[in-house]
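Structural overview for review
Each chain is listed here by its residues.
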Amino acid sequence: MAIYYHSDFSKKHGQRNFGDDINPYILQRFLPKSVIASEDTCVIGIGTLLNNGLLVEIKPYKKAIIFCSGVGYGNHGQLIGHEKLTFAGVRGPKSCEALKLPGDIAKTDAAILLADKKIDTKKKYKTTFIPHINTDWSSGKIIKRACDDLDIRYIAPNADLEEFLDTINKSESVITEAMHGAIVADTLRVPWIPVKIHNALGFKWEDWTSSMGIDYSPNVLTPIYDPTTSLISNVKSHIKFSLFKTKLKTLVDDVTYLSAEQVFEQKLGDVLKLTESDHFKVK
């Protein structure tokens, strides 16, 4: 299958990362089979993939089509004007500017195509919390404990795709550190609140949010870890846990984010049109 996306979590750690592993699910549904099966053409999918390292990945192919990917990690200068690359669309205006592309190449994140997974259903959860995959690994157990104490649903980014979508559909609101938690919530028209616990790449968030007409200003939560056997460490950990939980509680009723309906429909239409454009008519 001629799709390139970030699959290191699955390969190295044996578990999925929702924001990356939605690529095959979405691209196989919406792109022509001739492109997916091509031995000459590669589709660069959803994710922060546009850096110089991409040129190594596409060496076996004559052509690579950029489908709403974004700039963010590493240097990207070698991609500008590269003969192998066809920019059908990028994630947002910041990626567009970084790659010196015409403004109309800026679309939005292609995960917006999950809009057809929205279901009208009775809400089951007042609030759902979605951590970044690295936060889940380092602090997931203790954060889940805080969520349980506050009656907040906790779902990790390595959850099954259908479970992930079902949980968001059944939530009244979402607090998320994972950017694709925000993108999917916005796509399913569930209000969301961005948080920052560990180092989050503001560029990629702003790239996507600006594409949707949203001002990005995350709430900062202090990192917490499981208490150690040390008495002093235990005291410090419990204090941090209490502070974390207090801050998390205030966010439940905080002002939420959601792109305007008119903007959302326009962007969804733009990405759908892209899948039917001449860029993907591979013989």
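Scroll up to find the structure this text is about.
In this report, the structure presented in the accompanying data block is examined.

**A look at helix α8 (residues 179-187)**
In an α-helix, one full turn covers 3.6 residues, which means residues spaced three or four apart are oriented alike. By the criterion of burial, α8 is predominantly enclosed, with nine of the nine residues buried. Those residues of α8 that sit buried are Met 179, His 180, Gly 181, Ala 182, Ile 183, Val 184, Ala 185, Asp 186 and Thr 187. Arg 189 sits one or two positions beyond α8 and adopts a positive phi of about 60°.

**Examining the pairing of strand β5 (residues 125-130)**
For a regular strand, side-chain orientation follows a simple rule: the groups alternate between the two sheet faces. Most of β5 sits out of view: five of its six residues are buried. Sheet analysis places β5 next to strand β6 (residues 153-154), joined by two bridges and oriented parallel. Paired with Thr 128 across the strands is Arg 153, a residue of β6.

**Remarks on the packing of α8 against helix α9 (residues 202-211)**
At a closest axis distance of 11 Å, the pairing of α8 and α9 adopts a crossing angle of 10°. Considered as vectors, α8 and α9 are oriented roughly parallel to each other. Two secondary-structure elements touch here, α8 through Met 179, Ala 182, Ile 183 and Asp 186 and α9 through Lys 204, Trp 205 and Trp 208. Residue classes in the contact of α8 with α9 are distributed as five nonpolar, no polar and two charged.

**Let's talk about the pairing of strand β2 (residues 41-44)**
Side chains of β2 alternate between two faces, with Thr 41 and Val 43 and Cys 42 and Ile 44 buried alike. Direction of pairing for β2 relative to strand β3 (residues 63-69): parallel, over a ladder of four bridges. When the bridges of β3 are listed, Cys 42 appears paired with Ala 64.

Cut-off values and rules
Residues numbered from 1 in each chain as written. Predicted model: local features only at pLDDT ≥ 70, side-chain atom pairs only at ≥ 80, totals over all residues. Heavy atoms only, no water. Buried < 20%, exposed > 50% of the residue type's maximum accessible area, 1.4 Å probe, protein only. Helix = DSSP H or I, 4+ residues; strand = E, 2+ residues; numbered from the N terminus. Pairing = 2+ DSSP bridges. Axes fitted to C-alpha atoms, helices over the stretch in contact; angles between N-to-C directions. Parallel < 35°, antiparallel > 145°, perpendicular 65-115°, else oblique. Contact = heavy atoms within 4.5 Å. Nonpolar A, V, L, I, M, F, W, Y, C, P; charged D, E, K, R; others polar.

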